[in-house]
Amino acid sequence: MTANNMQLIERAVPRGFTIPEVIIAGSIMIILCVGTLTTFSYAVKINRGNNLRMQALSVLQLEVEFYRSLKFVPVGSNAALDQGTYTNVRQRPSSDGRNFNISVIVENLPAGTGDGTATFKQITISAIPVVAENEGWLQNLNTTVALQRVRSN
């Protein structure tokens, strides 16, 4: 082989990456992986909160049906419709078994009327999930529904 051919062969043969190129490429890959994992964990957290909110809404629907079924007539109305604030009235499980504490506020409208003379009530129901202490952010989900009842004669 001639010297000219040897130079062509040396130019054609790859020599590999240098250490600075490998370090830079590795650093870029690490930054991309950390960003992707952070985004993924945030998405999982948000989806978990949305799932819990949907479960709370199904529990609230059951509670609304319960309060709609109560007797609200001039005499002999159900005591659960008496005006007041009732914290942790009951625990109700969702379809997947997670428990929710139910709190209720019953207001007579117009304000100042007694339970015997009230013809209109506003009932506000809140469902608060029972979660472990390390999941405290899930307890701050605002899952509340308000319904109104008119007395039947």
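Refer to the structure presented above.
To start, this report covers the structure provided alongside it.

**Some words on the packing of aromatic side chains**
1) Next: A complete count under the given rule lists one aromatic pair for this structure.
2) Next: Ring geometry for phenylalanine 66 versus tyrosine 67: centroids 5.0 Å apart, planes at 85 degrees, classification edge-to-face.
3) Next: Using a relative accessible area of 28% as the deciding quantity, one classes phenylalanine 66 as partly exposed.
4) Next: Among the residues examined, tyrosine 67 registers a relative accessible area of 2% and is labelled buried.
5) Next: Seen from the ring of phenylalanine 66, arginine 90 lies directly overhead, with NZ or CZ sitting 4.7 Å from the centre.

**A short note on unusual backbone geometry**
1) Next: Geometrically, the link from leucine 109 to proline 110 is a cis peptide bond, its omega value of 0 degrees lying close to zero.
2) Next: Considering the arrangement of structural elements, one finds proline 110 in the loop between strand S2 (99-109) and strand S3 (120-129).
3) Next: In this structure, asparagine 88 takes a positive phi of about 50 degrees despite not being glycine.
4) Next: The topology assignment puts asparagine 88 in strand S1 (residues 84-93).
5) Next: On the basis of relative accessible area, asparagine 88 is assigned to the partly exposed category, the value being 45%.

Thresholds applied
- Residues numbered from 1 in each chain as written.
- Predicted model: local features only at pLDDT ≥ 70, side-chain atom pairs only at ≥ 80, totals over all residues.
- Heavy atoms only, no water.
- Phe/Tyr/Trp six-rings, centres within 6.5 Å; stacked < 30°, edge-to-face > 60°.
- Buried < 20%, exposed > 50% of the residue type's maximum accessible area, 1.4 Å probe, protein only.
- Lys NZ or Arg CZ within 6 Å of the ring centre and 35° of its normal.
- Helix = DSSP H or I, 4+ residues; strand = E, 2+ residues; numbered from the N terminus.

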